[in-house]
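What follows is each chain in one-letter form.
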Amino acid sequence: VVGVELSELACRAFFAERRLEPEISLRGAFRVFTAGSIELLCGDFLALTPALIGSVSLVYDRAALIALPPGLRARYSRHLTDLLPAGARGLLITLDYPDQAFSGPPFAVPDSEVNARLGSGFEIDRCHHAPLKPENPLLARGLEDASESVFVVQRRAG
């Protein structure tokens, strides 16, 4: 399993929560935290290359796209498309809420934007859509009328 995370604090917390002591090395512009079969590359996703991660067949985007302001989302989407080979599949989780309802991150990414940004490179199927659950910490931060969507995506050939 290979993960990419911008925050070194989050990488360290991931291993600490699992009571694992990672080895730390450098690979290109990334600090690499490794324990057993788990590897976290700490750095900017947009600096990631296929040579750094190898062949990828599955992707899980829990909070990358929604962490980006609108001006970076097109670049992220193009980069994701360039990194993944045809047939690679994944899950993408997004958050949507009315304009001006909350100052992200996380930012609102409506379903229409997912389709516009990824539709040319991916087959997209929204498999879940629901209001945020009452225990979601974003509600305590003042976010109201928010919903979460989960998409199954598959990289198109060519």
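Here, every reference points to the structure presented above.
Residues numbered from 1 in each chain as written. Predicted model: local features only at pLDDT ≥ 70, side-chain atom pairs only at ≥ 80, totals over all residues. Heavy atoms only, no water.

## Focus on a nonpolar patch on the surface
Note the threshold: Patches draw on residues past 30% relative accessible area with no salt bridge. Two like charges within 9 Å are joined, as are two nonpolar side chains (Val, Leu, Ile, Met, Phe, Trp, Tyr) within 5 Å. Here the accessible surface of atoms and residues is derived via Shrake-Rupley with a 1.4 Å probe, and residues count as covered only by protein chains that are part of the display. In the sections that follow, a salt bridge refers to a side-chain nitrogen of Lys or Arg positioned within 4 Å of a carboxyl oxygen of Asp or Glu. Helix and strand labels come from DSSP, where a helix needs a run of H or I of at least four residues and a strand needs a run of E of at least two; each type is numbered from the N terminus.
A cluster of nonpolar side chains, namely Y60, L91 and V152, defines an oily patch on the protein surface of about 280 Å² accessible area. Among the structural elements, L91 can be located in strand β6 (residues 89-96).

## So, the pairing of β6
Cut-off, in case you're wondering: Here the rule is simple: two strands pair whenever DSSP picks up at least two bridges between them. Handedness of a crossover is defined as follows: orient the strands so they point away from the viewer, and if the path from the first strand over the helix to the second runs clockwise, the crossover is right-handed.
Where strand β5 (residues 58-61) and β6 come together, four bridges link them in parallel fashion. Of the residues in β6, the one forming a bridge with D61 is L92. This β-α-β element, β5 to helix α3 (residues 70-83) to β6, shows right-handed connectivity. Pairing geometry for β6 and strand β8 (residues 147-155), over eight bridges, is antiparallel. Residue pairing in the sheet places D96 in a bridge with S147 of β8.

## Some remarks on unusual backbone geometry
Phi is mostly negative for residues that are not glycine, and the peptide bonds are mostly trans. To keep it simple, the criterion reads: Throughout this description, buried means an accessible area under 20% of the type-specific maximum (1.4 Å probe, protein chains only), exposed means over 50%, and partly exposed covers the range between.
In this model, R19 sits at a positive phi of 55 degrees, which is unusual for a non-glycine residue. Examined against the element boundaries, R19 turns out to sit in the loop between α1 (8-17) and β2 (23-27). The exposure class assigned to R19 is exposed, which follows from its relative accessible area of 78%. Phi angles above zero are rare outside glycine, and D145 is one such case at about 55 degrees. Mapped onto the elements of the fold, D145 is located in the loop between α5 (137-140) and β8.

## Remarks on the sheet that holds β5
To keep things clear, this is the line we draw: Fitting a line to C-alpha atoms yields each axis, with helices limited to the stretch in contact; the angle taken between N-to-C directions then spans 0 to 180 degrees. Pairs of residues are marked as contacts when any of their non-hydrogen atoms sit within 4.5 Å.
One open sheet holds the four strands; their spatial order is β5-β6-β8-β7, and the pairing between them is mixed. Only two strands of the sheet have a single neighbouring strand rather than two, namely β5 and β7 (122-131). Each strand of the sheet is rotated relative to its neighbour by a mean of 20 degrees, with strand direction disregarded. Pairing geometry for β7 and β8, over nine bridges, is antiparallel. Within β8, the position partnered with D125 by the bridge is V152. Together, β6, β7 and β8 form the strand contacts of helix α4 (residues 111-118), whose direction differs from that of β7 by roughly 165 degrees.

## Some points on α1
Just so we agree on the cut-off: Side-chain atoms alone can form a polar contact between residues adjacent in sequence; in general such a contact is a pair of N or O atoms within 3.5 Å, and within protein one must be able to donate a hydrogen while the other accepts it.
For α1, the capping residue at the N-terminal end is S7, with a side-chain oxygen 3.3 Å from the backbone nitrogen of L9. Among the residues trailing α1, R19 stands out with phi positive, at a value near 55 degrees.

## Things to note about the sheet that holds strand β1 (residues 2-5)
Pairing in this open sheet of four strands is mixed, and the strands run β1-β4-β3-β2 from one edge to the other. At either margin of the open sheet sits one strand with a lone partner, and together these are β1 and β2. Averaged over all pairs of adjacent strands, the angle between strand axes in this sheet comes to 25 degrees, irrespective of strand direction. Note: β2 against strand β3 (residues 30-35), five bridges, orientation antiparallel. Counted as the bridge partner of E23 is T34 from β3. Across the sheet, α1 touches β1, β2, β3 and β4 (38-42), and the angle it forms with β3 is around 5 degrees.

## Regarding the packing of aromatic side chains
Applicable threshold: Stacked, tilted and edge-to-face are the three classes applied to pairs of Phe, Tyr and Trp rings, where Trp contributes its six-membered ring and a pair requires centres within 6.5 Å; stacked means planes under 30 degrees apart, edge-to-face means over 60, and tilted covers the rest.
Across all of its chains, the model carries three aromatic pairs by this definition. Plain terms: the ring middles of F14 and F15 are 5.2 Å apart, the flat faces sit at 90 degrees to each other, and that makes the pair edge-to-face. Taking relative accessible area as the criterion, F14 reaches 24% and is therefore assigned partly exposed. Given a relative accessible area of 1%, F15 falls into the buried group. Aromatic pair F45 and Y76: ring centres 5.0 Å apart, planes at 40 degrees, arrangement tilted. One end of the pair, F45, is in the loop between β4 and α2 (50-53); the other, Y76, is in helix α3, with 31 residues separating them in the sequence. Owing to a relative accessible area of 6%, Y76 belongs among the buried residues under this scheme.

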